[in-house]
Amino acid sequence: MTRPRSRVGPQSLDGGHPLDVDRLLDDPATGIIVCCGSGGVGKTTTSAALALRAAERGRTVVVLTIDPARRLAQSMGIEVLDNTPRPVAGVSTTASGGSLDAMMLDMKRTFDEVVESQASPEKAQQILRNPFYIALSSSFAGTQEYMAMEKLGQIHADARRDGTYDLIVVDTPPSRSALDFLDAPERLSSFLDGRFIRLLLAPAKGPARLMSAGLGMVTNALTKVLGAQVLRDMQTFVAAFDTLFGGFRQRAQKTFELLQADGTAFLVVAAPEPDALREAAYFVERLGEDDMPVAGLVVNRASPEQHGDITAEEAMAAAQRLRKDGADSLTAGLLRLHADHMRMVERETLLRHRFEAAHPQVPIAVVPALAGDVHDLAGLRQVGALLAGERPT
Amino acid sequence: MPSRDFPQVRLHIVTGKGGTGKSTVAAGLALGLASTGTHVLLCEVEGRQGIARMFDVEPLPYAERRIATGLPGADGGRGGIVHALHVDPESALLEYLSMYYKLGRAGKALDRFGVVEFATTIAPGVRDVLLTGKVYEATKRNARNKHAITYDAVVLDAPPTGRIAQFLGVNQELAGLARMGPIKNQADSVTSLFRSGRTAVHLVTVLEEMPVQETADGIAQLRAHDLPVGGVIVNQVRPRDLGEKDLVAVRAGKLTKRKLAADLNRVGLTGSAELVLGLFTEACDHAERRALEDAQRGLVAGLDVPTYELPRLVGGVDLGGLYELAGLLREQGLA
Ligand SMILES: Nc1ncnc2c1ncn2[C@@H]1O[C@H](COP(=O)(O)OP(=O)(O)OP(=O)(O)O)[C@@H](O)[C@H]1O
Ligand SMILES: [Mg+2]
């Protein structure tokens, strides 16, 4: 793919290929936006800001957040977990006709609901009470990722049926790595109908010949590590869950297809740091392999670009001269700060250009860091404007 | 020489909100603790090969590797030796089984049936016990163990605050499964080390609202579980080139563009209205950020634990940067 490029090099501060956020939000074909990226880069804030902006531009939006900061959750009216979207107060949609609902994911509850919807009441109760299920549904490393996808699938199906929303914005869990989010559902569902589980099931329902010497050794060792009680719980769980495995697989598969569909746009959020950008690059590659469209990279909390056309060295030299002159320390201090900022901006720009060189097809939005924290709609609105490339003058 | 402020501590656990600099601080601390004639072990458990990246070496195996020389002493004395260990749960499980049960062939069968993966990624709590168990073993070693190095200090780059109680195995509900099995004995000895005076859990934060809040919550949680809270390391502190007096002046609107232009003129930076505007905006911005930082610093001071500050290194953190941070931690007494 070719496209016009501005000058690439550590000196050029403009992004080569800016992401047109408003066009993405306004396009009626955009039905789902997934914000992903490694932990601590601002995915929740970005998703909420995008959702708010889309709503105020006329879309009927729901945003699914995961672990939002307390004050942000409060200001959106979603600090109580009830696992259903609630209208957000204070959104200015009178002119645009849009609307914004928000919810915070309750992972265990989502899992429980899936079990309840798939099994007969007695069977569901049996599963929900099983200690192994309780541990699995509240602390397995991939459960949150899996349930986020499950919830997305549900909201999407409901929205289809009832015409409730025309845009769903999804935040993703604070995974160790950005890729967990794609891999965990697969991990969990392949566990649920995996080889080992079937082995566990075999003694319960199959002919004894399946109890090979190998398996005996395995259960033996497992008993040593986990204890007999845990194994028994697992076996009961597996037996009860047996008929549900297929359903789970199918649901995961469907959500995966939803992610691959044309209306789904992935935004990768990253901090302007080597690790975060490296992670983002893996993610872009991985999504590409899975036929999922990457709409763009959001470089969040970048150092704000500086006005003035002097270099860091010139600023430092001037600061020194001022001090020698015995002049006002304030201006000297400001020049030193300015030099510092210039160096940061330069370094971040370089990192970004490296990313661009490797992934020229991925458009980029740079969001400068705000001075304060974002915890209300005004702050989200400001982030939304920055995402769309508006800069305060 | 052990940590000045924590002379009894052999195991330093470093946690904090994601992305605040846990790995960086853990590495700096290990370098700082490795004074003349000592051996320090830096452990990571999240499978990310962060240590290899920071120290610019090949990805680490499940084995202790010498990776750096500690920070030299003030007297010019040569630094001690820093070793690194990348603990992964699969290897830890196989090692555990072979150590305690002489499994032999069964170990391989476990792998074949996907049990190793199962037990380490699925069974909640077990994974953490395996990871911490290895750290425990390295910390408790003594001279009787001929083939292994005895460490003067072990530094653990731990999971973030949100998962630390679960990781350290003290969160009863979540650790349920691991708590019932025979692995429970292992878990119990590990927990008793964590709760002893030989351990300190340090928290890394930056001066922003959410990380500081998470630090406060984390300390409360650690204390509720009887885990020894060490210090708070305030990382990535922005440069303070403007004094308090200047900040007050900026906030009071006493800084004028005319005055700025005149100062710039004096040093020959003439004619750039844009630069004047830029510096002016930066001044206001900086004053606002500093006020927010000071408010957060006040909250950190109220946490009633020793605090340490590390600057934001403008060029990012390379190996030289890690030594710089190590020096600062030693100066301030954490190392
Ligand atoms: N004092 C510092 N000055 C400048 N950059 C820093 C400083 N401390 C950390 N960083 C940078 O911040 C980024 C995050 O640091 P680090 O990986 O240590 O965080 P972490 O808390 O271990 O993150 P994670 O939660 O992902 O494990 C890295 O790019 C690191 O180089
Ligand atoms: Mg880390």
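Conventions used here
- Residues numbered from 1 in each chain as written.
- Chains lettered and ligands numbered in written order.
- Predicted model: local features only at pLDDT ≥ 70, side-chain atom pairs only at ≥ 80, totals over all residues.
- Heavy atoms only, no water.
- Helix = DSSP H or I, 4+ residues; strand = E, 2+ residues; numbered from the N terminus.
- Buried < 20%, exposed > 50% of the residue type's maximum accessible area, 1.4 Å probe, protein only.
- Contact = heavy atoms within 4.5 Å.
- Areas by Shrake-Rupley, 256 points an atom, 1.4 Å probe, with all protein chains shown as cover.
- 1 Å grid on protein atoms, 1.4 Å probe; cavity = no way out; pocket = protein on both sides within 12 Å on 5 of 7 lines; lining within 4 Å.
- Points joined across faces, edges and corners; volume = space filled by probe spheres on them.
- Salt bridge = Lys/Arg side-chain N within 4 Å of Asp/Glu carboxyl O.
- Near = heavy atom within 4 Å.
- Polar contact = N/O pair within 3.5 Å; in protein donor to acceptor, adjacent residues only side chain to side chain.
- Nonpolar A, V, L, I, M, F, W, Y, C, P; charged D, E, K, R; others polar.
- Axes fitted to C-alpha atoms, helices over the stretch in contact; angles between N-to-C directions.
- Parallel < 35°, antiparallel > 145°, perpendicular 65-115°, else oblique.
- Left-handed = near helix turned anticlockwise from the far one by under 90°.
- Domains from an automatic or database assignment.
- Buried area = accessible area lost by both parts, 1.4 Å probe.
- Pairing = 2+ DSSP bridges.
- Core = buried A, V, L, I, M, F, W, Y, C linked by side-chain atoms within 4.5 Å.
- Phe/Tyr/Trp six-rings, centres within 6.5 Å; stacked < 30°, edge-to-face > 60°.
- Patch = residues over 30% accessible without salt bridge, like charges linked within 9 Å, V, L, I, M, F, W, Y side chains within 5 Å.
- Lys, Arg positive; Asp, Glu negative; His and termini not counted.
- Charge placed at Lys NZ, Arg CZ, Asp CG, Glu CD.
- pLDDT = per-residue confidence, 0-100.

As for the overall build of chain A
On a plain count of helices and strands, chain A comes out with 16 helices and eight strands. Looking at chain A as a whole, 56% of its 393 residues are labelled buried. Once local pairs closer than 6 in sequence are excluded, the contacts in chain A between residues at least 24 apart make up 78%. Summed over its atoms, the accessible surface of chain A is roughly 16,600 Å², and 51% of this surface lies on carbon and sulfur atoms.

Looking at the layout of surface pockets
By volume, the second largest pocket amounts to about 1,200 Å³. Along the walls of the second largest pocket sit 47 residues, with Pro304(A), Pro368(A), Leu386(A), Arg391(A) and Pro392(A) positioned nearest its centre. Going through the elements one at a time, helix H15 (329-358), strand S8 (364-368) and helix H16 (377-387) of chain A together with helix H13 (273-301) of chain B are the ones with two or more residues in the lining of the second largest pocket. It is H13(B) that provides the largest number of residues to the lining of the second largest pocket, a total of eight residues.

Some thoughts on the pattern of salt bridges
Where charged atoms from two side chains of opposite charge come close, those side chains can pair. Applying the stated rule across the entire model yields 31 salt bridges over all chains. The residue Asp217(B) makes a salt bridge to Arg70(A) at a minimum N-O spacing of 3.2 Å. Of the two residues, Asp217(B) is situated in helix H10 (residues 209-224) and Arg70(A) in helix H3 (residues 70-76); the pairing between them involves two chains. On the accessibility criterion, Asp217(B) (36% relative accessible area) is partly exposed.

Some remarks on the site of ligand 1
Residues in contact with ligand 1 amount to 15 residues; listed here are only the nearest, Lys22(B), Ser23(B), Thr24(B), Arg48(B) and Leu313(B). Surrounding ligand 1 are residues belonging to chains A and B, so the site spans chains. In the environment of ligand 1, an oxygen atom lies 2.4 Å from a nitrogen or oxygen atom belonging to the side chain of Thr24(B). Backbone polar atom of Leu313(B) to a nitrogen atom of ligand 1: 2.7 Å apart, as the coordinates give it. Protein chains shield 88% of the accessible area of ligand 1, which is 630 Å² for the free molecule. Mapped by element, the contributors of at least two residues to the shell around ligand 1 are helix H1 (22-33) and strand S7 (229-237) of chain B. Counted by class, the shell around ligand 1 contains three nonpolar, eight polar and four charged residues.

Considering the packing of helix H5 (residues 121-129) of chain A against helix H11 (residues 228-241) of chain A
Residues and elements named next belong to chain A. At a closest axis distance of 10 Å, the pairing of H5 and H11 adopts a crossing angle of 150°. One way to sum up the angle between H5 and H11 is to call them roughly antiparallel. H11 is crossed by H5, and the crossing has left-handed handedness. For the pair formed by H5 and H11, the contact residues are Lys123, Gln126 and Ile127 on the first element and Phe237, Ala240 and Phe241 on the second.

Description of the domain arrangement of chain A
A common way to express how large an interface is: the accessible area buried when the components associate. All names here are of chain A. Annotation of chain A at the domain level lists domain 1 (7-307 + 343-387) and domain 2 (312-342). With six residues of domain 1 in contact, the opposing surface of domain 2 contributes eight residues. A combined buried area of about 600 Å² lies between domain 1 and domain 2, and 42% of that area is made up of carbon and sulfur atoms. Area buried by domain 1 at its contact with domain 2 is led by Gln306, Arg343 and Met344, which between them contribute 80% of it. Counting the contacts that link domain 1 with domain 2 gives zero salt bridges. Applying the counting rule to domain 1 against domain 2 returns nine residue pairs in polar contact (both at pLDDT 80 or more).

Some details on the sheet that holds strand S2 (residues 39-44) of chain B
Residues and elements named next belong to chain B. Ordered in space as S3-S4-S2-S5-S1-S6-S7-S8, the eight strands form an open sheet in which the pairing is mixed. At either end of the open sheet lies a strand with only one pairing partner, and these are strand S3 (65-69) and strand S8 (307-311). Direction aside, the axes of adjacent strands within the sheet are offset by 25° on average. Here four bridges tie S3 to strand S4 (residues 81-86), and the two strands are oriented antiparallel to one another. Among the inter-strand pairings, Arg66 is bridged to a residue of S4, identified as His83.

Description of the nonpolar core
Met76(A), Leu100(A), Leu297(A), Phe355(A) and Leu380(A) are the most contacted members of the largest nonpolar core, which totals 103 residues. Non-local contacts of Met76(A), meaning those with residues more than four positions away in its chain, are made with Ala48(A), Val63(A), Val88(A), Ala102(A), Leu377(A) and Leu380(A). If you look at the next biggest cluster of nonpolar residues, it comprises 43 residues, including Ala92(B), Tyr136(B), Ala165(B) and Phe194(B).

Things to note about the packing of aromatic side chains
The geometry of an aromatic ring pair comes down to the distance between the two centres and the angle between the two planes. All names here are of chain A. Scanning all chains against the criterion turns up one aromatic pair over all chains. Between Phe111 and Tyr133 the ring centres are 5.3 Å apart and the planes differ by 80°, which places this aromatic pair in the edge-to-face class. On the criterion of sequence distance, the pair formed by Phe111 in helix H4 (residues 107-118) and Tyr133 in helix H6 (residues 131-139) is long-range, its members being 22 residues apart. Looking at Tyr133, the relative accessible area reads 0%, which means it is buried.

Things to note about a negative patch on the surface
Judged by side-chain charge, Asp309(A), Glu313(A), Glu314(A), Glu346(A) and Glu274(B) come together as a negatively charged surface patch. Locating Glu313(A) in the fold gives a position in helix H14 (residues 312-324).

A few points about the sheet that holds strand S2 (residues 60-65) of chain A
All names here are of chain A. Taking strand neighbours across the sheet as the criterion, the eight strands line up as S3-S4-S2-S5-S1-S6-S7-S8 in an open arrangement whose pairing is mixed. Edge positions in the sheet fall to strand S3 (86-87) and S8, since each of these pairs with one other strand and no more. Note: S3 against strand S4 (residues 99-104), two bridges, orientation antiparallel. The residue of S4 that forms the bridge with Arg86 is Ala102. Lying on the sheet, helix H13 (residues 274-289) is in contact with strand S1 (32-36), strand S6 (264-270) and strand S7 (294-302); it crosses S6 at an angle near 160°. This element, H16, spans S7 and S8 of the sheet and lies at about 140° to S8.

Some remarks on unusual backbone geometry
Of note in the backbone geometry, Arg301(A) takes a positive phi value of approximately 55° without being a glycine. Within the fold, Arg301(A) resides in strand S7. Although it is not a glycine, Asp304(B) adopts a positive phi angle of roughly 65°. Residue placement: Asp304(B) occurs in the loop between H13 and S8.

A few points about the confidence of the model for chain B
Residues of chain B with pLDDT of at least 70 account for 88%, and the chain-wide mean is 88. The complex model carries a pTM of 0.88, and its ipTM stands at 0.84.

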